[in-house]
Structures are given as structure tokens and as C-alpha cells.
Amino acid sequence: MIFIGLTALVFSCREEQRDTLEAARAAKEYYDTLLAGHAATFVGGMYLPDSIPDSYRRQLEANAKMFIARQKDEHGGICDVKILNCVNDSAATTANAFLLLTFVDSLREEIVVGMVKHQGRWLMR
């Protein structure tokens, strides 16, 4: 009986770990698409109301592009995004994804991307 309980615990931990990795992979994918020049896709990965004014969406896309331009000016750009860690809440509906940005000038910066699971999809908060 104890063996069955321990087996169930191991499998539940694996499921939680998989969900945590899904949130981190989603965060990395959003940043990778931004680096590839797809600001609209990056903004599409944000947890926003179902409908926002087009002017607001354009402003968010412009801000994302300005972020990339500033990193290029200051550091030569971002050349790599890696997952460091990801921590889910106990209900596995929110998470903090820890990413490492590596810049062309070899500087590195750790960022935290808040994530929320909405309708089965991880989105940036």
C-alpha cells in the first residue's frame, strides 16, 4: 500500500514538473519570436483581455520593438535565451519563468517572466 502511495506521489511530481517546464518553454518561445522580429506574436503571448483597442495593441508591439532596438544599441543585441528555472504556484495556474538573456557583447541578464495558464495555454502576465 505504501509503495502505491509513493508511486502516485512520484508521478504527480513528474506531472507538476512537466507543467512547470511548459510555462518556461512558452516564455522562451515568446522571447525567441520577439528576437526573430515578430513583435505581434510576442504581444499575442500576453495575457490581455479578449479584445483591446487596435491602438493599444500597436503600442504594445512598438514597445516590444523598442526594447529589442535598445538592447541592440546598448549590447549589440540579444543572441540567446535560455531557461534557468521555473516555479509554479500550488494550483499550477501561475508560474515565474527565470530566463537568461545573453547579449552579443557577452553580458548576461537574468529576467523573471510571470506566466499564467489561461484556457490551457501559458501566457505572459
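Residues numbered from 1 in each chain as written. Predicted model: local features only at pLDDT ≥ 70, side-chain atom pairs only at ≥ 80, totals over all residues. Heavy atoms only, no water.

Right, let's get into the overall build of the protein chain. Counting its regular elements, the protein chain contains three helices and four strands. Each helix and strand of the protein chain, placed in order from N terminus to C terminus, yields the pattern α-α-α-β-β-β-β. For the protein chain, buried positions account for 33% of its 125 residues. Residue pairs at least 24 apart in sequence account for 49% of intrachain contacts in the protein chain once pairs closer than 6 positions are excluded. A total accessible area of about 8,000 Å² is found for the protein chain, and carbon and sulfur atoms account for 56% of it. (Helix = DSSP H or I, 4+ residues; strand = E, 2+ residues; numbered from the N terminus. Buried < 20%, exposed > 50% of the residue type's maximum accessible area, 1.4 Å probe, protein only. Contact = heavy atoms within 4.5 Å. Areas by Shrake-Rupley, 256 points an atom, 1.4 Å probe, with all protein chains shown as cover.)

When the pLDDT values of the protein chain are averaged, the result is 88; 84% of them are 70 or greater. A low-confidence stretch, residues 3–16 (pLDDT under 50), is modelled with one contact involving residues beyond four sequence positions or located in other chains. (pLDDT = per-residue confidence, 0-100.)

Before going further, it helps to examine the nonpolar core. In terms of nonpolar packing, the biggest core is built from 25 residues, with Tyr31, Val113 and Met115 touching the most fellow members. Looking at this core, the elements that each hand over two or more residues are helix H1 (2–35), helix H2 (39–44), strand E1 (78–88), strand E2 (94–103), strand E3 (108–118) and strand E4 (121–124). Considering each element in turn, this core owes the most residues, seven residues, to H1. For Met115, the residues in contact, after removing those within four places along its chain, are Ala23, Ala26, Ala27, Tyr30, Thr93, Thr94, Ala95, Ala97, Trp122, Leu123, Met124 and Arg125. (Core = buried A, V, L, I, M, F, W, Y, C linked by side-chain atoms within 4.5 Å.)

Moving on to the sheet that holds E4. Strands sit in the order E1-E2-E3-E4 across an open sheet of four strands; the sheet is antiparallel. This sheet does not close on itself; its edge strands, each paired only once, are E1 and E4. Each neighbouring strand pair of the sheet contributes to a mean axis angle of 35 degrees, computed without reference to strand direction. Pairing of E2 with E3, which is carried by nine bridges, proceeds in the antiparallel orientation. In the strand pairing of E3, Leu99 is matched with Ile111. (Pairing = 2+ DSSP bridges. Axes fitted to C-alpha atoms, helices over the stretch in contact; angles between N-to-C directions.)

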